[in-house]
Amino acid sequence: MQCTWCEKKEVQETTKTCYWVMPDGKDYVEISQIPAKSCQNCGIYLTDEMNQEIDNHLYMKDLSDYSNSITFNDLLEAPVIDVFSLK
Ligand SMILES: [Zn+2]
């Protein structure tokens, strides 16, 4: 696998824990075990695609039953927000 940022080709797959501000801007969530790349030059980072995917999930998913510390898998498996349920 090649690095996204530099020319290095010995890039390892790893995981990373990141803090994300929720779409409403009021809260944050700690997401662990996110698939990431590890480059000797650039360090450990998420690809743009993964950043975008997590953004999309945070907009779509109802995380009210979860704590502020979740895993990437929790995020994938969380229920989609039901926009038709009126409260
Ligand atoms: Zn690199």
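This text follows the structure it describes.
Residues numbered from 1 in each chain as written. Predicted model: local features only at pLDDT ≥ 70, side-chain atom pairs only at ≥ 80, totals over all residues. Heavy atoms only, no water.

Before going further, it helps to spend a moment on the overall build of the protein chain. Looking only at helices and strands, the protein chain features two helices and four strands. Its C-alpha atoms give the protein chain principal-axis dimensions of about 50 × 20 × 20 Å. Evaluated residue by residue, the protein chain yields a buried proportion of 31% over its 87 residues. Partitioning the intrachain contacts of the protein chain with sequence separation of at least 6 by distance along the chain shows that 41% fall at a separation of at least 24. (Helix = DSSP H or I, 4+ residues; strand = E, 2+ residues; numbered from the N terminus. Buried < 20%, exposed > 50% of the residue type's maximum accessible area, 1.4 Å probe, protein only. Contact = heavy atoms within 4.5 Å.)

With that settled, the discussion passes to the pattern of salt bridges. Scanning all chains against the criterion turns up one salt bridge. One salt bridge in this structure joins Glu10 and Lys8, with 3.5 Å as the shortest N-O distance. (Salt bridge = Lys/Arg side-chain N within 4 Å of Asp/Glu carboxyl O.)

Turning our eyes to something else, we now look at the layout of surface pockets. Of the volumes computed, that of the largest pocket is approximately 160 Å³. Contributing to the lining of the largest pocket are Met22, Pro23, Asp24, Asp27, Tyr28, Val29, Leu63, Tyr66, Ser67 and Asn68. Tallied by class, the residues present in the lining of the largest pocket amount to six nonpolar, two polar and two charged. (1 Å grid on protein atoms, 1.4 Å probe; cavity = no way out; pocket = protein on both sides within 12 Å on 5 of 7 lines; lining within 4 Å. Points joined across faces, edges and corners; volume = space filled by probe spheres on them. Nonpolar A, V, L, I, M, F, W, Y, C, P; charged D, E, K, R; others polar.)

Assignment of secondary structure puts His57 in helix H1 (residues 48-60). Judged by its relative accessible area of 12%, His57 falls in the buried class. The residues contacting His57, other than those within four sequence positions of it, are Leu75 and Leu76.

For the zinc ion, the protein coordination sphere consists of Cys3 (SG), Cys6 (SG), Cys39 (SG) and Cys42 (SG), at 2.3 Å. Considering all four donor atoms around the zinc ion, the spread of angles at the metal, 105 to 113°, places the coordination shape in the tetrahedral class. Sequence positions of the residues that donate to the zinc ion give the spacing C-x2-C-x32-C-x2-C. Judged by relative accessible area, Cys39 falls into the buried class, the value being 4%. A relative accessible area of 33% places Cys42 in the partly exposed class. (Donors = N, O, S within 2.8 Å, 3.2 Å for Na, K, Ca; no water. Tetrahedral: all angles 85-135°; square planar, octahedral: opposite > 155°, others 65-115°.)

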